[in-house]
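# Coordinate inspection notes
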Amino acid sequence: MAADLISQSELDNLRVDGEHFASFVKRIAELLDESPDSLFSMMYRLDVQEKKIKGVLHPEYPTPPAKALALLILQRHEARMKTRAKYRQAPIEGWDNFKT
């Protein structure tokens with residue numbers, strides 16, 4: 001089950017700053033306790049896979065839920081950045097001089 005979610009090498013590759021990441025995890029924990037519907041709605045808009053969310057929330061998953069959800073969000077953000085860089089288009093020639 002865990003192999004489908006976040007592998008240890010993927011966790012190691014994520015750039016996680018201690019203080020900022022701890023604040024992020026704390027906020028995820030607050031949302032998980034106080035407003036889970038809002039949290040899951042945000043994760044849906046961020047396009048985090050539901051299968052992965054359910055997996056990290058499973059009682060046998062080794063990482064605490066808030067930390068695992070934070071890592072999923074970062075993992076998805078990193079994937080989006082890579083996709084944008086891969087499909088980035090060159091600026092349109094002459095666009096700066098376009099007048100209406």
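A brief structural summary. All residue numbers refer to position in the chain's written sequence, counted from 1. pLDDT decides what is reported in this predicted model: residues at 70 or higher carry local features, side-chain atom pairs at 80 or more are listed and counted, and totals for whole chains, interfaces and linings draw on all residues regardless. Excluded from the side-chain calculation are hydrogens and water; included are all heavy atoms of the structure.

This paragraph deals with the overall build of the protein. In this description a helix means any DSSP run of H or I spanning at least four residues, a strand means any run of E spanning at least two, and both kinds are numbered starting from the N terminus. Helices and strands together make up the secondary structure of the protein, namely 5 helices and 0 strands. Mapped in sequence order, the helices and strands of the protein form the string α-α-α-α-α. A separation threshold of at least 6 residues defines the contact pool for the protein, and within that pool the share at least 24 residues apart is 73%. As presented, the protein carries roughly 7900 Å² of accessible surface, and 52% of it is formed by carbon and sulfur atoms. The contact definition used throughout considers only heavy atoms, calling two residues in contact when any of these lie within 4.5 Å. All accessible areas in this document rest on Shrake-Rupley with a 1.4 Å probe, and a residue is counted as covered only by the protein chains that are shown.

Our next topic: the pattern of salt bridges. Here a salt bridge means any side-chain nitrogen of Lys or Arg lying within 4 Å of a carboxyl oxygen belonging to Asp or Glu. Inspection of the entire model under this criterion finds 3 salt bridges. Of the charged contacts, one joins Glu-30 and Arg-27 as a salt bridge, the two residues approaching to 3.1 Å between their closest N and O atoms. Taken together, the positions of Glu-30 and Arg-27, both in helix α2 (residues 18–34) and 3 residues apart, correspond to about one turn of that helix. Relative accessible area decides the class of each residue, using a 1.4 Å probe on protein chains only: under 20% of the type maximum gives buried, over 50% gives exposed, and in between gives partly exposed. Under the relative-accessibility criterion, Glu-30 is labelled partly exposed at 27%. Glu-50 is the partner of Lys-54 in a salt bridge, and the nearest nitrogen-oxygen pair spans 3.3 Å. Highlighted residues: Lys-54 and Glu-50, both in helix α4 (residues 50–56), separated by 4 residues, approximately one helical turn. Note on Lys-54: relative accessible area 56%, which makes it exposed. By relative accessible area, Glu-50 is classed as exposed at 53%.

Interaxial angles span 0 to 180 degrees and are taken between N-to-C directions of axes, which are lines fitted to C-alpha atoms, for helices over the stretch in contact. Where α2 meets helix α3 (residues 36–45), the axes come as close as 5 Å, and the angle between the chain directions of the two elements is 125°. With respect to α3, the element α2 is oriented oblique. Residue-level contacts link Ile-28, Leu-31, Leu-32, Asp-33 and Glu-34 of α2 to Pro-36, Leu-39, Phe-40 and Met-42 of α3. Split by residue class, the contact of α2 with α3 holds 7 nonpolar, no polar and 2 charged. Under this scheme an angle from 65 to 115 degrees is roughly perpendicular, one under 35 degrees roughly parallel, and one over 145 degrees roughly antiparallel; angles in between are oblique. All amino acids are sorted into three groups, where Ala, Val, Leu, Ile, Met, Phe, Trp, Tyr, Cys and Pro are nonpolar, Asp, Glu, Lys and Arg are charged, and the leftover types, Gly among them, are polar.

This next bit is on the nonpolar core. In this structure, Ile-28, Met-43 and Leu-69 are the most contacted members of the largest nonpolar core, which totals 17 residues. Of all the secondary structure elements, the ones that give two or more residues to this core are α2, α3, α4 and α5 (65–86). Looking at this core element by element, the count peaks at 7 residues for α5. Once residues lying within four places of it in the same chain are set aside, the contact partners of Leu-69 are Ile-28, Leu-32, Leu-39, Met-43, Ile-53, Val-56 and Leu-57. Residues grouped as a nonpolar core are buried Ala, Val, Leu, Ile, Met, Phe, Trp, Tyr and Cys residues, joined through side-chain atoms within 4.5 Å.

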